[in-house]
Each structure stands twice: as structure tokens, then as C-alpha cells.
Amino acid sequence: MDNILISRDLQIERKHFFIEFRENDRGRFMRITEEAHGRRNSIIIPSTGLEEFHRLFNEVAASAPESQPA
């Protein structure tokens, strides 16, 4: 069973995101869940990789071109 240590949520357009930091008997991890149109998709990042994930996420986000809504 997972214990939720901290949880936040965010809605962007029609998508709802849940970001949770959890722990279980195998360790700590971040779960990011996207919910849209009644469907859910999740990714899990072990706590040992959070710093690298954060660095790469920021690198990609900073270099992404600004997009204009259609």
C-alpha cells in the first residue's frame, strides 16, 4: 500500500494532472497522473531519479517554442 506524502493537482484546458510524492515498502517515488476524457495515464519516477528528471524537464521546457492557440 502506498502512503501519499504530498499531493498537488492542476487543471490545464481539459486535462487534469495529479502530482503525488508517495512511499511504499520498496521506496519513495513521484507519480504524475493525467486524466482527460475519463481516461487516466500515469508515469512513476523513483526518488533516486527526481533530480535528473527535474533538470531535463526544465531544459526541454526552456527550449520549447511558445505556441499560439489555433
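What comes next concerns the included structure. (Residues numbered from 1 in each chain as written. Predicted model: local features only at pLDDT ≥ 70, side-chain atom pairs only at ≥ 80, totals over all residues. Heavy atoms only, no water.)

## Thoughts on the layout of surface pockets
- Empty space within the largest pocket amounts to approximately 260 Å³.
- Mapped onto the lining of the largest pocket, the elements with two or more residues apiece are strand S1 (3-12), strand S2 (15-24), strand S3 (27-36) and helix H1 (50-63).
- Considering each element in turn, the lining of the largest pocket owes the most residues, five residues, to H1. (1 Å grid on protein atoms, 1.4 Å probe; cavity = no way out; pocket = protein on both sides within 12 Å on 5 of 7 lines; lining within 4 Å. Points joined across faces, edges and corners; volume = space filled by probe spheres on them. Helix = DSSP H or I, 4+ residues; strand = E, 2+ residues; numbered from the N terminus.)

## Some thoughts on the packing of aromatic side chains
- In this structure the tally under the stated criterion is one aromatic pair.
- Ring centres 6.4 Å apart and planes at 25 degrees place the aromatic pair Phe-53 and Phe-57 in the stacked group. Here Phe-53 pairs with Phe-57, and both are found in helix H1, just four residues apart, close to one helical turn.
- Residue Phe-57 is classed as exposed on the basis of its relative accessible area of 52%. (Phe/Tyr/Trp six-rings, centres within 6.5 Å; stacked < 30°, edge-to-face > 60°. Buried < 20%, exposed > 50% of the residue type's maximum accessible area, 1.4 Å probe, protein only.)

## Comments concerning the pattern of salt bridges
- Per the stated rule, a full pass over the model turns up eight salt bridges.
- A salt bridge links Asp-2 to Arg-31; its shortest N-O distance comes to 4.0 Å. Taken together, the residues span a long stretch of sequence, with Asp-2 in the segment before S1 and Arg-31 in strand S3 at a distance of 29 residues.
- According to the relative accessible area criterion, Arg-31 is partly exposed, its value standing at 22%.
- Salt-bridge contacts for Arg-28 lead to Glu-23; the nearest nitrogen and oxygen are separated by 3.2 Å.
- The partly exposed category is assigned to Arg-28, whose relative accessible area is 44%.
- Salt bridges sharing partners connect three or more residues here, namely Asp-2, Glu-20, Arg-22 and Arg-31. (Salt bridge = Lys/Arg side-chain N within 4 Å of Asp/Glu carboxyl O.)

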